[in-house]
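Residue-level structural notes
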Amino acid sequence: LRQKKRPACKEKPRKPGLSEGRDNASQPAAMPNGADSLTFRARRLSMSNDKPAAGDEKAGQSSAKSTRARRLSMSPEMNVTPTNAPFPLHIVGTYSCHGIEPADYGAPNNKINQDRGIIIYPFAEKSQNALYAFFGVFDGHGACGQLVSQYAAEQIYKHLEPKIEAIENESQAPSTSSSGKNCTAGEEQIKKRDEKITKALMDSFIHADSSLREDPSIDAELSGTTAVVCLCRYDPQVKMMRTFVANAGDSRAVMRTNAYPAEKKDQKPPRHLDLSHDQKPDTPGEMTRIKKKGGYVSPPEEEWGGPARVWLDQTQTLPGLAMARSIGDHLVKNIGVIAQPEVIPYDISLKPDSPDKFLIMASDGVWEFIESHAAVKLIEKAIDEKGATAACQQLIESAAMKWREEEGDYRDDITAICVKFGPELFG
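These remarks concern the structure in this document. (Residues numbered from 1 in each chain as written. Predicted model: local features only at pLDDT ≥ 70, side-chain atom pairs only at ≥ 80, totals over all residues. Heavy atoms only, no water.)

1. Description of empty space enclosed by the protein
Here the largest cavity is characterised by a volume of approximately 80 Å³. If you go around the largest cavity, the residues you meet are Ser73, Pro82, Ala85, Pro86, Phe87, Leu89, Val92, Gly93, Thr94, Ile119 and Thr389. The greatest single-element share of the lining of the largest cavity, amounting to three residues, is contributed by strand S2 (residues 92-97). Of the residues contributing to the lining of the largest cavity, the split by class is seven nonpolar, four polar and no charged. (1 Å grid on protein atoms, 1.4 Å probe; cavity = no way out; pocket = protein on both sides within 12 Å on 5 of 7 lines; lining within 4 Å. Points joined across faces, edges and corners; volume = space filled by probe spheres on them. Helix = DSSP H or I, 4+ residues; strand = E, 2+ residues; numbered from the N terminus. Nonpolar A, V, L, I, M, F, W, Y, C, P; charged D, E, K, R; others polar.)

Structure, rendered in C-alpha cells:
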C-alpha cells in the first residue's frame, strides 16, 4: 500500500441507543452455533477482517416556493427526540441505532455508529419551477467508516444543489421534438431535464469520491460507505413527485404502492416496489465489470453465511469488500469497484387517493434479516395509526430483535427513513 501521513481516526465514546451495551446490566445472549467473537466479527463486517502484511498495514484515518424555512436534519440516535426536523414527525420519521459487538466478558460493547441519515427540505431553494427534497442513507465501513459516511452525505448534497438550481432555472424557450412540433413543457423537455438531473446525481457521487481521495484528514483506502439518495421533485400544479433514486452499494429504498406492476406474479399484499437494487459483488453485471478489471470475487461463505467479497487477487490478499459500488474504498477502485450510482426515476402521486403510500430507506442493518415485503407490511399499519416516526422506530426495533435472534451479541448499525406520501408532505 502507498503510505500516507494521515492522522488516525479517533472515535469518541457515545451513549447507547437501545438498551444494550457494556454499560448496561443485561447479560449477553449466547452466540449461535458456538461461534467465537473473532469469527463472528469477521462474518458480519462489510470489510474482511484480514489484515495486510507487516509493513503494508495502514492505521485507520480515520419559483415554486416552500412555506417552510430550510432545515437540514441528521438521523438521531434511538430514544433521542428529533430536533430541527424539516417535515412534521408524523409525515417523515428517521432514526439511527448504533451497533454492538461481542466483548471478552460481560455485556457486548457499543460500536461507533458509522451510519448516517440526512433529510433536507427545502432543497435547491432557488429553483423557480418546482419544490425539492433530499433524503439520503449512508452506511460506512472500515476504520474510518463514520468519517467517510459523514463526508459523503455532506459533499453529495453540497455539490448537487447548485446543479439542480441551474437545471431548473435554464431558459424555458420552446424546444423541438423529433416530430418537428414545438413544445414548452412537453415530453422532449422533460426527458432532457431528467437526463440532466440523472447526470448531476452521478457527478455528485463521483465528486464526493474523488474529493475524498484528496482530503488529507480521512484515509479512505480501506474505508468507505454505501449511499442511497432520493431526490424528490414536486410539481404543485399536478401534485406529482418525480423521484430520482441514486444508489451505490447495498443500502436500499422501497416503496409501498399499487401503481407499479408487482415484481413477482405471486407477490402477496401489501404490494411493494424496490426503488433501488443491491449491488453485491456476485451480481452478474457487477462481477463481470470487476473481473474485467482484474479483481477477484469470492463466492458467499456457506459455513458462516457470509457475503460474496471483492479482492485484489485470487489469493484474497485484500480487502474483502462486501459490495461492488461504494464511495471511498480507494484500494479497489482500479479493479472495478466504482462510485457511480445507478439512477432510476419514478413518478409518485401525492393526491389523497394515490396508490403510492410511503417510502422506506434503510441501511443493510434492516435488510440483512428483513425482506422488503416484510418491512412494508410492518410499516403499513404503524404509519397510519402512529405516524412515520413511530413506524420508523418500530422498524429499527424489529431489525435489532432479528439481529439478536440470529447473531447473539453482534448487531450492525441500523438507520432508516420513513416518508408518508400525501398532500401534506409538501404542504
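There is more to say, and it comes next.
2. What to know about the packing of helix H6 (residues 372-385) against helix H7 (residues 388-407)
Direction vectors running N to C along H6 and H7 enclose 145 degrees, while the axes themselves pass 8 Å from each other. The element H6 and its partner H7 pack so that their crossing is right-handed. Here Ala375, Leu378, Ile379, Ala382 and Ile383 of H6 come into contact with H7, specifically with Ala388, Ala391, Cys392, Gln394, Leu395 and Ser398. A class-by-class count of the residues in the contact of H6 with H7 yields nine nonpolar, two polar and no charged. (Axes fitted to C-alpha atoms, helices over the stretch in contact; angles between N-to-C directions. Left-handed = near helix turned anticlockwise from the far one by under 90°. Contact = heavy atoms within 4.5 Å.)

3. Examining the nonpolar core
What tends to happen in soluble globular proteins is that the nonpolar side chains get buried as a cluster. By size, the foremost hydrophobic cluster in this structure holds 35 residues, and its most contacted members are Phe123, Phe134, Ile164, Leu201, Leu231 and Ile327. Only strand S5 (115-123), strand S6 (131-141), helix H2 (145-168), helix H3 (187-214), strand S10 (227-235) and strand S11 (240-248) provide two or more residues apiece to this core. Discounting residues that sit within four places of it in the chain, Phe123 has contacts with Arg70, Tyr132, Ala133, Phe134, Tyr157, Leu160, Glu161, Ile164 and Leu231. Ile91, Leu275, Ile348 and Phe421 belong to the second-largest nonpolar core, a separate cluster that totals 29 residues. (Core = buried A, V, L, I, M, F, W, Y, C linked by side-chain atoms within 4.5 Å. Buried < 20%, exposed > 50% of the residue type's maximum accessible area, 1.4 Å probe, protein only.)

4. Things to note about the pattern of salt bridges
Taken as a whole and assessed by the stated rule, the structure comprises 14 salt bridges. Linking Lys420 and Asp384 is a salt bridge whose minimum nitrogen-to-oxygen distance equals 3.8 Å. Placement of the pair is Lys420 in strand S20 (residues 414-420) and Asp384 in helix H6, with a sequence separation of 36 residues. One continuous salt-bridge network, built from bridges that share partners, spans Arg193, Asp194, Arg242 and Asp347. (Salt bridge = Lys/Arg side-chain N within 4 Å of Asp/Glu carboxyl O.)

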